[in-house]
Amino acid sequence: MSDEQRVVVVTGAAGNLGRAVARVFSEAGDRLVLVDRSRDALAAAFGGDGDTRLLASVDLLDQEAVTGLGREAVERFGRIDVLCNLAGGFRMGEAVHETSDGTWDFLFDLNARSVLHAVRAVVPHMLARGGGKVVNVGAFSAQKGLAQMGAYTASKAVVARLTEAMAAELRTRGINVNCVLPSIIDTPENRQAMPEADPALWVAPADLAQVIRFLASEGAKAIHGASIPVTGLA
């Protein structure tokens, strides 16, 4: 699988990290399938569809819709080479014994179920072609449980375990599956939420995007099931 003119599916594409990831793959000449729930957010971030870009407004919790997107991407571009599972969510503040069903479902749906639905839709196409790359986004903080973050760290820990399981299942079938573990990402939302913090210590989306791009490259062909910390200067 050449690094040139690949087809890359990016979920959560309209977000801060999604835009950075789309940029690095686009600059490398790849074709993009950019996925987000909001068509308006996709249009604001990327404009319209093009010869090398497909914008897809899809609810990642709707398996039928996500499976349809996989078929549409293959019909449009003939293949899927890379899947970047960036979509996710964050909540904190509840002790485990006080965690509401709403918080639990929100975090496990966005952080874990979205990954499951995307790989169900995409991996069969990769297997049919004989190879591919999957890069998931976990969380550095989810390497252990933290107070008032039980549901979040548990949901992101699931992403790491799914990454390892998929790597064990797919490594001999030409598919690399790996995960990045960012600390706080430098976004406008995080700056607003933590005005006293020093964002210079955080991870710039563009820097995290470069790590994701590496894991999706042939340079990472010997890496399987890894969870790579990306922590900036923190």
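Residues numbered from 1 in each chain as written. Predicted model: local features only at pLDDT ≥ 70, side-chain atom pairs only at ≥ 80, totals over all residues. Heavy atoms only, no water.

### A look at the sheet that holds strand 7 (residues 227–230)
Where we set the bar: Any two strands between which DSSP finds at least two bridges are classified as paired. Here a helix means four or more residues in a row that DSSP labels H or I, a strand means two or more in a row labelled E, and each is numbered from the N terminus. Axes here refer to lines fitted to C-alpha atoms; in helices the fit is confined to the stretch in contact. Angles between the N-to-C directions go from 0 to 180 degrees. Should any heavy atoms of two residues lie within 4.5 Å, those residues are counted as being in contact.
The strand order across the open sheet formed by 7 strands is 3-2-1-4-5-6-7, and the pairing between neighbours is parallel. Single-partner strands in this sheet number two, and they are strand 3 (53–57) and strand 7. Across this sheet, the average inter-strand angle for adjacent strands is 15°, counted without regard to direction. With 6 bridges joining them, strand 5 (residues 132–137) and strand 6 (residues 175–182) adopt parallel strand pairing. By the bridge assignment, asparagine 136 is partnered in strand 6 with cysteine 179. Sitting on the sheet, helix 2 (residues 39–46) touches strand 2 (31–36) and strand 3, and the angle it makes with strand 3 is about 155°. Of the strands in this sheet, strand 4 (82–85), strand 5, strand 6 and strand 7 are in contact with helix 7 (residues 205–215), which crosses strand 6 at around 165°.

### Some points on unusual backbone geometry
Selection rule: We call a residue buried when its accessible area falls under 20% of the maximum for its residue type, exposed when it is over 50%, and partly exposed in between, using a 1.4 Å probe and counting protein chains only.
For glutamine 148, which is not glycine, the phi torsion reads 60° and is therefore positive. Inspection of the secondary structure puts glutamine 148 in the loop between strand 5 and helix 5 (150–170). Given a relative accessible area of 37%, glutamine 148 falls into the partly exposed group.

### Considerations on the pattern of salt bridges
Here is the rule we go by: Here, a salt bridge means any side-chain nitrogen of Lys or Arg that lies within 4 Å of a carboxyl oxygen of Asp or Glu.
Per the stated rule, a full pass over the model turns up 8 salt bridges. We note a salt bridge from aspartate 30 to arginine 6, for which the minimum N-O separation is 3.6 Å. Taken together, the positions of aspartate 30 in the loop between helix 1 (16–27) and strand 2 and arginine 6 in the segment before strand 1 (7–11) put the pair 24 residues apart, joining distant regions of the chain. Judged by its relative accessible area of 3%, aspartate 30 falls in the buried class. A salt bridge links glutamate 218 to lysine 133, with the nearest nitrogen and oxygen atoms 3.3 Å apart. Here glutamate 218 is found in the loop between helix 7 and strand 7, whereas its partner lysine 133 is found in strand 5, with 85 residues between them in sequence. Given the relative accessible area of 2%, lysine 133 is considered buried.

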